[in-house]
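Take a look at the letters that make up each chain.
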Amino acid sequence: VLVRTSGHALLYDAGPAPPNGLDMGEAAVVPALTALGVASLDRLVISHRDNDHAGGARAVARRFDPAVIERSDAAGGPSCLAGESWNWDGVRFEYLHPPRDFPYLGNESSCVLKVSAGAHAALLPGDIPELIEARLVRDADARAEVLVAPHHGSKGSSSAPFLAATAPGIALISAGYMSRFGHPHPEALARYRAQGTRTWNTATTGLLRVRISDHGVEAPEAFRALRARYWRERAPVTD
Ligand SMILES: [Zn+2]
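Read on for a plain summary of the structure.

What counts, and at which threshold
- Residues take numbers from 1 onward in each chain, read along the sequence in its written order.
- Reporting of local features is limited, given that this is a predicted model, to residues whose pLDDT is at least 70; pairs of side-chain atoms are given and counted only at 80 or more, and all residues count toward the totals for whole chains, interfaces and linings.
- The side-chain quantities take in all heavy atoms of the structure and omit both hydrogens and water.
- The buried label applies to any residue whose accessible area, calculated with a 1.4 Å probe on protein chains only, is under 20% of its type's maximum; exposed applies above 50%, and partly exposed to all values in between.
- The way it works is that DSSP assigns letters per residue, a run of H or I at least four long becomes a helix, a run of E at least two long becomes a strand, and they are numbered from the N terminus.
- Throughout, the arc means that of the directions going from the helix axis to the C-beta atoms.
- Working rule for contacts: check all heavy atoms of both residues, and any pair within 4.5 Å makes them a contact.
- Strands are labelled as partners when DSSP assigns at least two bridges between them.
- Axes, fitted as lines to C-alpha atoms, cover a helix only where it is in contact. Angles between the N-to-C directions of the axes lie from 0 to 180 degrees.
- Note on definitions: salt bridges are taken to be side-chain nitrogens of Lys or Arg within 4 Å of carboxyl oxygens of Asp or Glu.

For the rest of this paragraph, the subject is helix α3 (residues 57-64). Turning to α3, its buried residues number three or more, namely A57, A59, V60 and F64. Buried residues of α3, viewed axially, fall in a sector of 165 degrees; they line one side. Every exposed residue of α3 that faces more than 90 degrees away from the buried side is listed here: R58 and R62. Packing partners of the buried residues in α3 comprise β2 (9-12), α1 (24-35), β3 (43-46) and α2 (51-54). Just beyond α3, the residue with positive phi is D65, at close to 45 degrees.

Here it is in structure tokens:
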């Protein structure tokens, strides 16, 4: 997910690069960022170590030379620390998870990033499962009009209490590579419907753009020009 403010760019996760497979960081993410006019990255956030999120990081870092790289599996503890925040061009960025001393546990350790423009926010929760969703409901302000569906819309995430707390109008499901795992799960989709949240699935839409400002959130727009074959191709990656 690319997050841009008027003067800054952050990339959250970099796509898969399976052993003996195509490096999607190199083949898809780098060309897409270039096509979008990104010259350099101010931050690269790798939510967790799973290949479908971290695999492409090396190729992306090589090309865009991010000033800061933050990841939950950093040596010495997570560098995307709950409570840390910064401001770019009037847009507030804050990590909600993991807290300091949280052990690296894979999906459970995903960096959770909230991006707020005035009263309107987007939440990027990586692959957190229901247990971590419950922690966010309890300990954080998770309210966000735009939610990237946790763990690609799997059955064990997007719990009803979490959706009630975030109250998203729009959920974006990144499922292209993961469709062989059955993502998104029908039960998760039913929970979004029950919450009144509209869902967009990148497996069918390709790249999506959502604009958030002080004035509100515009409906997602599919980037047809960048709807390349590889966004929907199934890659041999682990979940
Ligand atoms: Zn994943």
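Bringing the sheet that holds strand β8 (residues 120-124) into the picture now. Across the sheet, which stays open at both edges, the seven strands sit in the order β5-β6-β7-β8-β9-β10-β11 with mixed pairing between neighbours. Sheet topology places β5 (85-88) and β11 (198-201) at the edges, where each strand pairs with a single neighbour. This sheet shows a mean twist of 20 degrees between the axes of neighbouring strands, independent of strand direction. The pairing of β5 with strand β6 (residues 91-97) spans four bridges and is classified as antiparallel. Bridge assignment links W86 to a residue of β6, and that residue is F93.

What follows covers the pattern of salt bridges. Evaluation of the coordinates by the stated rule reveals ten salt bridges. For R71, the salt bridge identified is with D73, shortest N-O distance 2.6 Å. Looking at D73, the relative accessible area reads 14%, which means it is buried. Put simply, K114 and D141 hold a salt bridge, and the shortest N to O gap is 3.5 Å. One end of the pair, K114, is in strand β7 (residues 112-117); the other, D141, is in the loop between α4 (130-139) and β9 (146-148), with 27 residues separating them in the sequence. Take D141: its relative accessible area is 53%, and that puts it in the exposed class. Salt bridges here are not isolated pairs; linked through shared partners, they connect R49, R71 and D73.

Right, let's get into the pairing of β7. A large share of β7 lies buried, amounting to six of its six residues. Burial along β7 is two-sided: V112, K114 and S116 facing one way and L113, V115 and A117 facing the other are all buried. Summarising the sheet, β7 and β8 pair through five bridges and their orientation is antiparallel. Residue pairing for β8: K114 is matched across the bridge by L123. The antiparallel pairing of β7 with β8 creates a hairpin that spans two residues between the two strands, and G118 there sits at a positive phi of about 60 degrees.

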